[in-house]
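# Coordinates in review
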Amino acid sequence: PEHRRTLPVWAFVSAAWIGPAILAAFQAYAQGKLGNWQPATWQSLLWEGGDWLLYALLTPAVFWCGHRFPLIRGQVLRRLPIHLVTSILLCLAWASAGTVLRWMVLEPANQPTWERLVSWFLISLPFGVAVYFAVLGVQHATTWFLEARERETQAARLSAQLAEARLGALRMQLQPHFLFNSLNAITVI
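The notes below deal with the structure included here. Please read these numbers as outputs of a predicted model, since none were measured by experiment. (Residues numbered from 1 in each chain as written. Predicted model: local features only at pLDDT ≥ 70, side-chain atom pairs only at ≥ 80, totals over all residues. Heavy atoms only, no water.)

## Considerations on the environment of glycine 35
For clarity, the cut-off: For helices the rule is a DSSP run of H or I covering at least 4 residues; for strands it is a run of E covering at least 2, with both sets numbered from the N terminus onward. Exposed residues in this analysis have more than 50% of their type's maximum accessible area, buried residues have under 20%, and partly exposed residues fall in between, with area computed by a 1.4 Å probe over protein chains only.
By the secondary structure assignment, glycine 35 is in the loop between helix H2 (18–34) and helix H3 (42–68). On the basis of relative accessible area, glycine 35 is assigned to the exposed category, the value being 54%. A C-alpha to C-alpha distance of 79 Å links glycine 35 and glycine 168, two positions 133 residues apart in sequence.

## Focus: the environment of proline 70
Here is the rule we go by: In this analysis, two residues are considered to be in contact whenever any of their non-hydrogen atoms come within 4.5 Å of each other.
Considering the arrangement of structural elements, one finds proline 70 in the loop between H3 and helix H4 (76–105). Look past the residues within four positions of proline 70 in its chain and what remains in contact with it is Arg79 and His140.

## With respect to the nonpolar core
Threshold: For the purposes of this section, nonpolar cores are sets of buried Ala, Val, Leu, Ile, Met, Phe, Trp, Tyr and Cys residues that join through side-chain atoms within 4.5 Å.
Among the nonpolar cores identified, the biggest contains 19 residues, and Trp17, Tyr55, Val62, Leu90, Tyr132 and Val135 are the most heavily contacted of them. Contributions of two or more residues to this core are made by H3, H4 and helix H5 (113–188). A total of eight residues in this core trace back to one element, the largest contributor, which is H3. Setting aside residues no more than four positions away along its own chain, valine 62 makes contact with Tyr55, Leu90, Tyr132, Val135 and Leu136.

## With respect to the side chain of serine 124
Inclusion rule: Each polar contact in these results corresponds to two N or O atoms within 3.5 Å; when the atoms are within protein, one needs to be able to donate a hydrogen and the other to accept it, and residues that are neighboring in sequence are counted only if both atoms are side-chain atoms.
Summarising the element assignment, serine 124 is placed in helix H5. On the basis of relative accessible area, serine 124 is assigned to the buried category, the value being 8%. Within the local environment of serine 124, its side chain forms a polar contact with the backbone oxygen of tryptophan 120, the two atoms lying 2.9 Å apart.

What follows is the structure, encoded as structure tokens:
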């Protein structure tokens, strides 16, 4: 059979973060044009969009954790705390990377970096946990879909093998009759 190399699902989900990044940058630009905010600079657009792209870098970790600790029947209560702790740690990683990005792209603020980090972590915590579990849900859904497709492929393969076995059994039944009829015809002649 021909094997095609396909990208892993987490790569597609990571690429999907480009959408919110573009929308965040567009929102900052549009708000600047409408006069409700400061006019957008390229640095502020990079910050607004770049912060979303940081979660694209964290997405493989969510997929790995979902694969390593799947939420399956009978183990949900034991594994849910693992995912909750992991979601908080990824929020901390997201806030840390966002703080570094902000420091690199925008001018450093009067606020110390650790205070900015704590503030950004607390601001992003509820949303970050929700994002973690949403991505975890995508991981579980795609895993279930791929496993279901594999089961269907295996069932089709077994069905074809069963049909081939039945055909072989019919052939085996026909061969003695052919031989008997041939010998009978020779005897009659």
